[in-house]
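Examination of the molecular architecture
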Amino acid sequence: AYAAETGDASSAALATRFWESMVGRKMYVTGGIGARSDFERFGDDWELPPDAYLETCAAIGSAFFSGWMAALTGEGRYMDEFERVIYNALLTAVAEDGCHYTYQNPLNTARGERWDWHGCPCCPPMFLKLTGALPGYVYASDAEGLRVNLFIGGEADCTVGGQRVILRQTTRYPDEGVVEISVVAERPVKFPLRIRIPGWARGVENPFGLYASDGVRDWSLTLNGAALKPALDRGYAVVDREWRTGDKVTLTLDVSPRTIRADARVKDVAGCHAVARGPV
């Protein structure tokens, strides 16, 4: 946050190093972090036992960290990890009734109940903090134009080049892989629209190879029904054109099931696989 607000290069470099260490060597496939319960802390590199602590607050903190890095750099890999947390570590921490929650989230446990209260009640307000902030992460606007970071139905009212532009997103993601983005503009306006193509949809489960999957993923993009072959820039498909009211971009992602395995250096889960579908 300090680097993003001040532009301090040394702070940005340090934050990048910390983030790469966390995501590349210490993060669970669910986005959980914290292999050790004492001081709720990271373990050593590649130390990822399935019965680890994985505090709810820690995962939420990592999502905010990734969100700041995305704002700082405009790189899609940070929103990939943000998305990993919200669909796996965040939503699983709260029961369907909204009144019970988990403080820790080991991948394997004999304990199935959730709490309605805990002596250290930090997780419920952190859950609300992230869900309350979530709308602000769906889109981003900067000197490069507009970015679509997350695939969540709704409407964004933006300003591009001094002109009002509305983006309307319709989708059933992550259950389905089709995302429709419609444009409403007061008059024709030229700008690049950047649409994140998730790493998992490009065969990249983790930017550092901590996790990998077999097979080939595919994705496609159309503009007003016509196929596009857009350039990829830092994880985003770039569609740079003069936009008019009624223009519609449709992104189609392959959300068929796949299996994921960890790097061989993660000894605790040798021979194990996770089953994924889209970001879940």
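What comes next concerns the included structure.

1. Side note on the packing of aromatic side chains
Each pair of aromatic rings is reported with the distance of its centres and the angle of its planes. The full count for this structure, using the stated rule, is ten aromatic pairs. Taken together, Tyr-53, Tyr-101, Tyr-103 and Trp-115 form an aromatic cluster joined through their ring pairs. Directly above the aromatic system of Phe-64 lies the positively charged group of Lys-129, at a separation of 5.5 Å from the ring centroid. A cation over a ring is seen here: Arg-241 above Trp-243, with NZ or CZ 5.3 Å from the ring centre.

2. Re the pattern of salt bridges
One pass over the structure, following the stated rule, counts 24 salt bridges. Residue Lys-26 is joined to Asp-45 by a salt bridge in which the shortest nitrogen-to-oxygen separation is 2.7 Å. With Lys-26 in the loop between α2 (9-25) and α3 (56-73) and Asp-45 in the loop between α2 and α3, this residue pair connects regions lying 19 residues apart in the sequence. For Lys-26, a relative accessible area of 14% corresponds to the buried category. Given the relative accessible area of 34%, Asp-45 is considered partly exposed. Here Asp-254 makes a salt bridge to Arg-217, at a shortest N to O gap of 3.8 Å. In this pair, Asp-254 sits in the loop between β12 (248-253) and β13 (258-262) while Arg-217 sits in the loop between β7 (211-213) and β8 (219-223), placing the two residues 37 residues apart along the sequence. With a relative accessible area of 14%, Arg-217 lands in the buried category. Salt bridges here are not isolated pairs; linked through shared partners, they connect Glu-20, Glu-75 and Arg-77.

3. Observations regarding the environment of Gly-153
Considering the arrangement of structural elements, one finds Gly-153 in the loop between β2 (145-148) and β3 (154-160). Along the sequence, Gly-153 and Tyr-173 sit 20 residues apart, while their C-alpha atoms lie 8.6 Å from each other. For Gly-153, the residues in contact, after removing those within four places along its chain, are Gln-169 and Thr-171.

4. Some remarks on the packing of α2 against helix α4 (residues 76-90)
The contact between α2 and α4 brings their axes to 12 Å, and the two run at 45°. Between α2 and α4, the interaxial angle falls into the category oblique. Seen from above, α2 lies across α4 with left-handed handedness. Residue-level inspection shows Thr-16, Trp-19, Glu-20 and Val-23 of α2 in contact with α4, the latter providing Arg-77, Tyr-78 and Glu-81. Partitioning the contact of α2 with α4 into residue classes produces three nonpolar, one polar and three charged.

5. With respect to the sheet that holds β7
Pairing within the open sheet is antiparallel, and its three strands lie in the order β7-β13-β14. The sheet is open, and its two edges are formed by β7 and β14 (274-276), each paired on a single side. Averaged over all adjacent pairs, the angle separating strand axes in this sheet is 35°, with direction ignored. Pairing of β7 with β13, which is carried by three bridges, proceeds in the antiparallel orientation. Pairing of Tyr-211 across the sheet is with Ala-262, part of β13.

6. What about unusual backbone geometry?
Cis peptide bonds are those with omega within 30 degrees of zero, and the linkage from Tyr-173 to Pro-174 qualifies with 10°. Turning to its location among the elements, Pro-174 is positioned in the loop between β4 (163-171) and β5 (178-185). Positive phi is not limited to glycine here, since Glu-40 has a value of about 50°. If you trace the backbone, Glu-40 turns up in the loop between α2 and α3.

7. Some points on the state of the cysteines
Scanning the entire structure with this criterion turns up zero disulfides. Here Cys-122 stays unpaired: no disulfide links it, and the sulfur of Cys-57, its closest cysteine neighbor, is 3.5 Å away.

8. Observations concerning the packing of α4 against helix α5 (residues 123-133)
Orientation of α4 relative to α5, taken along the N-to-C sense of each, is 135°, at an axis distance of 12 Å. One element, α4, and the other, α5, form an angle in the oblique class. Between α4 and α5 lies a crossing of left-handed hand. The segment α4 lies against α5, with Phe-82, Ile-86 and Leu-90 engaging Phe-127, Leu-130 and Thr-131. Of the residues in the contact of α4 with α5, the class split is five nonpolar, one polar and no charged.

9. Examining the pairing of β8
Two faces belong to every sheet, and in a regular strand the side chains alternate between them. Here β8 pairs with β12 via five bridges, running antiparallel. Looking across to β12, one finds that Leu-223 is bridged to Val-249. Here β8 runs beside strand β9 (residues 226-228); their pairing, made up of three bridges, is antiparallel. When the bridges of β9 are listed, Leu-223 appears paired with Ala-226. Hairpin remark: β8 followed by β9, antiparallel, with two residues in the connecting loop; positive phi at Asn-224, about 50°.

Cut-offs used in this document
Residues numbered from 1 in each chain as written. Predicted model: local features only at pLDDT ≥ 70, side-chain atom pairs only at ≥ 80, totals over all residues. Heavy atoms only, no water. Phe/Tyr/Trp six-rings, centres within 6.5 Å; stacked < 30°, edge-to-face > 60°. Lys NZ or Arg CZ within 6 Å of the ring centre and 35° of its normal. Salt bridge = Lys/Arg side-chain N within 4 Å of Asp/Glu carboxyl O. Helix = DSSP H or I, 4+ residues; strand = E, 2+ residues; numbered from the N terminus. Buried < 20%, exposed > 50% of the residue type's maximum accessible area, 1.4 Å probe, protein only. Contact = heavy atoms within 4.5 Å. Axes fitted to C-alpha atoms, helices over the stretch in contact; angles between N-to-C directions. Parallel < 35°, antiparallel > 145°, perpendicular 65-115°, else oblique. Left-handed = near helix turned anticlockwise from the far one by under 90°. Nonpolar A, V, L, I, M, F, W, Y, C, P; charged D, E, K, R; others polar. Pairing = 2+ DSSP bridges. Disulfide = S-S within 2.5 Å.

Purely geometric numbers; function is a separate question.
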